[in-house]
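# A look at the structure
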Amino acid sequence: MSDSHHDGDALDLLKAIFHDKPRLLRAVTLGDLEGQGVLSEVRTHARLFGDPVYQFTVGRTQAGKSTLGNLLFGADAMRVTGRQDTTKEVGVLPMRSDLYFFDTPGAGSDEKYENYARLALGLPQIDDGGDTVSSFELWDFGEARVEDGGTVGVQRRTITADRWEEDFAGPYPPDVLVYVVDAVKGFIRPDRTYLRHILERYGDKVVIALNWFEGRTTRTEVDNVRAQIEMVYDTVFGSAAAPRFVEFNARTGTGVHDLTRALCQVIAPEKLGGIQAVLDGDLKEHARVERGLHYRRTVHRIAARLALNTVGQDLGGKDLIAVAAGGISQLGVLTFEAEEAASALRGELATLAEREARAVRAERTETLTTKEAKTQQRDIVVHEPKFENEVVKKKHKQKITREVEEVTGKGLWDVVKVYAKSGYDQLENLVDGGSVQDREKIRARARRDSVHTTTRQVEEEIEVPVTEVRQKLAGYEKRVIDTVTEVVGFTERAVGTNALQGGLPVIQLLLGVGAGVEAYCLDGGGKTGGDGRGGLDGHVERERQRIALALNRAEPRLVKLLAKGDEAEEEIAGLLDGLFAGTAS
């Protein structure tokens, strides 16, 4: 393990999404699964060891001794209260395999409790004002069981100092002692004294188990503890012996397989029996298969949940899909223990996650648009005719009828009478003082009356000059009578975006990243040669194509499940398990 374990920001954010499944994102390594296999054999396999093996767990208070006992037993058989001194007695846990696990009180806190352990181990006690003890209790958890949150069925008996050899040391001689150290607490003076006394009595039967606490133990802390322990070994053995170090996690079981191998190196060969065959058998290959299945099932559950979410969401200020892809990448590196190979590609892992997430987000985001009318002003025009006047002069023949007077003479006597009358009238006019004009009129009338006139009508043809004015169309003239606004077309304008459900593209992305990282890690960090695609991108691309083909066949069913929403999350994960993890859906 290394400090780079703490760089998993994306993985930590992903755990927040799956707060309802706290164990889902725990990286299960090959060693974890081998350890689980060993634990299963140790718990259930009858007479696994050739003869009873007595393993004593020792160390400072709260170093993880009792937790290790719980891990081996598979239940909270050992009492762990969380107080400073968690064990006040010596507990023994016999297993069917003939392994006897002894849990001892912690050192470095209460001298009396430490003296219980020292008495059980046959070490000199601490004599500091009456803290020495003359007896301790042995609690046998062989018939114990957990009921209603408590442990029942524990057999208790007292071991006295004067009967120690007969009742305890003789029946239970230590075959191996596991000194548990919490690296966070360091290795201080009480540890050094306690370990020195153990080494002086039991020599090379000791295995140093450095207990990691995930998330708070650093490489520097572990290395400092190692250096302190090596100094104690030099004091006791000089250069004749070196510590057997094993790093493990008592809560999760990580490293238990390595711890078991270390114990086998200490236990007398004639006592090993079938445990060595278990370690050397097909356990590792079985663990490899289980590790891959566990990782893929985890990826499937991440993909199922993210596929039901809408794209564009963020978590901790980061795009949710990118967080998921990055978290899967980091989980893969931890699961397949390829940190050394992947350390140079941390930036590439992040870049790949961001790039792939961006592409899916773009694919699953629709642009919202509105149609806007495009208008223009238009004049309403009428075309009015334009006329010109044309004058035409011509002669028109016309028949007319006119009266013609014809004068014919009267008889002489008649004429004389007319003129006589005229003369008389003129004289009378003169006598009366009439005017010359009146007398002229009288004379003119006498002349007219002196002839006989007749009138007759005469028809004749005459030419009459006629002037005609004609109107001639000279063209048309435009006239604007109004102006209107009219729609001439439509344009689309983006008004926003709408994030869609992640759906199949998200599933394909996350499964492709997960499978690509797995392939990359198992390839030893992209050592595939020849095709130029041995890097992380090449592995991811190949796996995405393979997964896309399989998803195409299941697309109709997946689409129906996605349409059901959150209630279909487990069904989607189960379907993916059937496609890619070898389990029926």
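Residues numbered from 1 in each chain as written. Predicted model: local features only at pLDDT ≥ 70, side-chain atom pairs only at ≥ 80, totals over all residues. Heavy atoms only, no water.

## Let's talk about the side chain of Asn211
With respect to the helices and strands, Asn211 occurs in strand 9 (residues 206-211). In this structure, Asn211 is in contact with Ala63, Gly64, Val180, Val181, Asp182, Ala183, Thr217, Phe248, Asn249 and Ala250, ignoring residues within four places of it in sequence. (Helix = DSSP H or I, 4+ residues; strand = E, 2+ residues; numbered from the N terminus. Contact = heavy atoms within 4.5 Å.)

## Quick look at the sheet that holds strand 7 (residues 155-160)
Read across the sheet, eight strands follow the order 7-4-2-3-1-8-9-10 without closing on themselves; strand pairing throughout is mixed. Only two strands of the sheet have a single neighbouring strand rather than two, namely strand 7 and strand 10 (245-248). Across the sheet, the mean angle separating the axes of adjacent strands is 25° when strand polarity is ignored. By the bridge criterion, six bridges tie strand 4 (residues 135-140) to strand 7 in an arrangement that is antiparallel. Opposite Ser135, over in strand 7, you have Thr160 as the bridge partner. Sitting on the sheet, helix 4 (residues 111-121) touches strand 1 (53-59), strand 2 (90-94), strand 4 and strand 8 (176-182), and the angle it makes with strand 4 is about 80°. (Pairing = 2+ DSSP bridges. Axes fitted to C-alpha atoms, helices over the stretch in contact; angles between N-to-C directions.)

## Let's talk about the pattern of salt bridges
Per the stated rule, a full pass over the model turns up 23 salt bridges. Taking the shortest distance from any N to any O, the salt bridge between Glu543 and Arg546 comes out at 2.6 Å. Residue Glu543 and its partner Arg546 are located together in helix 18 (residues 536-564), separated by three residues, close to a single helical turn. According to the relative accessible area criterion, Glu543 is buried, its value standing at 16%. Each of the salt bridges in this network shares a partner with another, and the network as a whole consists of Asp20, Lys21, Arg305, Glu569 and Glu570. (Salt bridge = Lys/Arg side-chain N within 4 Å of Asp/Glu carboxyl O. Buried < 20%, exposed > 50% of the residue type's maximum accessible area, 1.4 Å probe, protein only.)

## Points about the environment of Val154
With respect to the helices and strands, Val154 occurs in the loop between strand 6 (150-152) and strand 7. The exposure class of Val154 is buried, given its relative accessible area of 13%. Residues Val154 and Gly142, spaced twelve residues apart in sequence, show a C-alpha to C-alpha distance of 7.4 Å. In contact with Val154, not counting residues within four places along its chain, are Trp139, Asp140, Phe141 and Ala144.

## Some words on helix 16 (residues 436-449)
Because each turn of an α-helix spans 3.6 residues, side chains separated by three or four positions in sequence point in the same direction. In this model helix 16 runs 20 Å from its N-terminal to its C-terminal C-alpha over 14 residues, within 8% of the 20 Å that 1.5 Å per residue would give. Of all the positions in helix 16, only Arg439, Ile442 and Ala446 are classed as buried. Around the axis of helix 16, the buried residues are gathered within 55° of arc, so they sit on the same side. Exposed residues on helix 16 whose side chains face more than 90 degrees from its buried face are Gln437, Lys441 and Arg448. Where helix 16 is buried, its residues meet helix 15 (412-431). (Expected span 1.5 Å × (residues − 1). Arc of directions from axis to C-beta.)

## Quick look at the environment of Lys271
Relative to the assigned elements, Lys271 resides in helix 9 (residues 269-272). Given a relative accessible area of 16%, Lys271 falls into the buried group. Remark: the alpha-carbon pair of Lys271 and Pro52, spanning 219 residues in sequence, is separated by 7.2 Å. Not counting residues up to four positions away in its chain, the partners in contact with Lys271 are Phe49, Gly50, Asp51, Pro52, Val53 and Asp175.

## Quick look at the pairing of strand 8
Along strand 8, seven of the seven residues are buried, which leaves the element largely enclosed by surrounding structure. On strand 8, burial covers both faces: Val176, Val178, Val180 and Asp182 on one face and Leu177, Tyr179 and Val181 on the other are all buried. Both strand 1 and strand 8 contribute to a ladder of five bridges, which runs parallel. The residue of strand 8 that forms the bridge with Phe56 is Leu177.

## Focus: the packing of helix 12 (residues 320-335) against helix 17 (residues 503-522)
Contact pair helix 12 / helix 17: the axes reach a minimum separation of 9 Å and the direction vectors enclose 25°. Taken as axis vectors, helix 12 and helix 17 run roughly parallel relative to one another. For helix 12 against helix 17, the interelement crossing comes out right-handed. Facing Ile321, Ala324, Ala325, Ile328, Ser329, Gly332 and Val333 of helix 12, the residues of helix 17 in contact are Val506, Leu509, Leu510, Val513, Gly514, Val517 and Cys521. (Parallel < 35°, antiparallel > 145°, perpendicular 65-115°, else oblique. Left-handed = near helix turned anticlockwise from the far one by under 90°.)

## Concerning the packing of aromatic side chains
All told, the structure shown has 14 aromatic pairs when counted by the stated rule. Relative to Phe336, the ring of Tyr295 has its centre 5.0 Å away and its plane inclined at 80°; by these criteria the two rings are edge-to-face. On the criterion of sequence distance, the pair formed by Tyr295 in helix 11 (residues 283-308) and Phe336 in the loop between helix 12 and helix 13 (339-342) is long-range, its members being 41 residues apart. Both residues of the pair, Tyr295 and Phe336, count as buried. Grouping aromatic residues by their ring pairs yields a cluster made of Tyr54, Phe56, Tyr100, Phe102, Phe136, Phe168 and Tyr172. Above the ring of Trp139, the side-chain terminus of Arg156 is found at 4.2 Å from the ring centroid. (Phe/Tyr/Trp six-rings, centres within 6.5 Å; stacked < 30°, edge-to-face > 60°. Lys NZ or Arg CZ within 6 Å of the ring centre and 35° of its normal.)

## Comments concerning the packing of helix 4 against helix 6 (residues 189-202)
For the pair helix 4 and helix 6, the least separation of the axes is 12 Å and the interaxial angle reads 10°. Our classification of the angle between helix 4 and helix 6 gives roughly parallel. Residues Glu114, Ala117, Arg118 and Leu121 of helix 4 lie in contact with helix 6, whose contacting residues are Thr193, Tyr194, His197, Arg201 and Tyr202.

## As for the pairing of strand 1
Buried residues dominate strand 1, accounting for seven of its seven residues. Residues of strand 1 alternate between two faces, with Val53, Gln55, Thr57 and Gly59 on one and Tyr54, Phe56 and Val58 on the opposite face, all of them buried. Sheet topology note: the strand 1/strand 3 (residues 99-103) ladder contains five bridges and is parallel. What sits directly across from Gln55, in strand 3, is Phe101.

## Remarks on a nonpolar patch on the surface
On the surface, a nonpolar cluster with roughly 360 Å² of combined accessible area is contributed by Phe387, Leu473 and Tyr476. In this structure, Tyr476 sits in strand 14 (residues 451-499). (Patch = residues over 30% accessible without salt bridge, like charges linked within 9 Å, V, L, I, M, F, W, Y side chains within 5 Å. Areas by Shrake-Rupley, 256 points an atom, 1.4 Å probe, with all protein chains shown as cover.)

## Topic: the nonpolar core
In terms of nonpolar packing, the biggest core is built from 57 residues, with Ile302, Leu510 and Ile572 touching the most fellow members. Looking at this core, the elements with two or more residues in it are helix 1 (9-17), helix 11, helix 12, helix 14 (346-363), helix 17, helix 18 and helix 19 (569-580). At eleven residues, the largest contribution of residues to this core is made by helix 17. Sequence-distant contacts of Leu510, defined by excluding residues within four places in its chain, comprise Val299, Ile302, Ala303, Leu306, Ile321, Ala324, Ala325 and Ile328. Core analysis: the next-biggest nonpolar cluster, separate from the first, contains 42 residues, Phe102, Leu123, Trp164 and Val232 among them. (Core = buried A, V, L, I, M, F, W, Y, C linked by side-chain atoms within 4.5 Å.)

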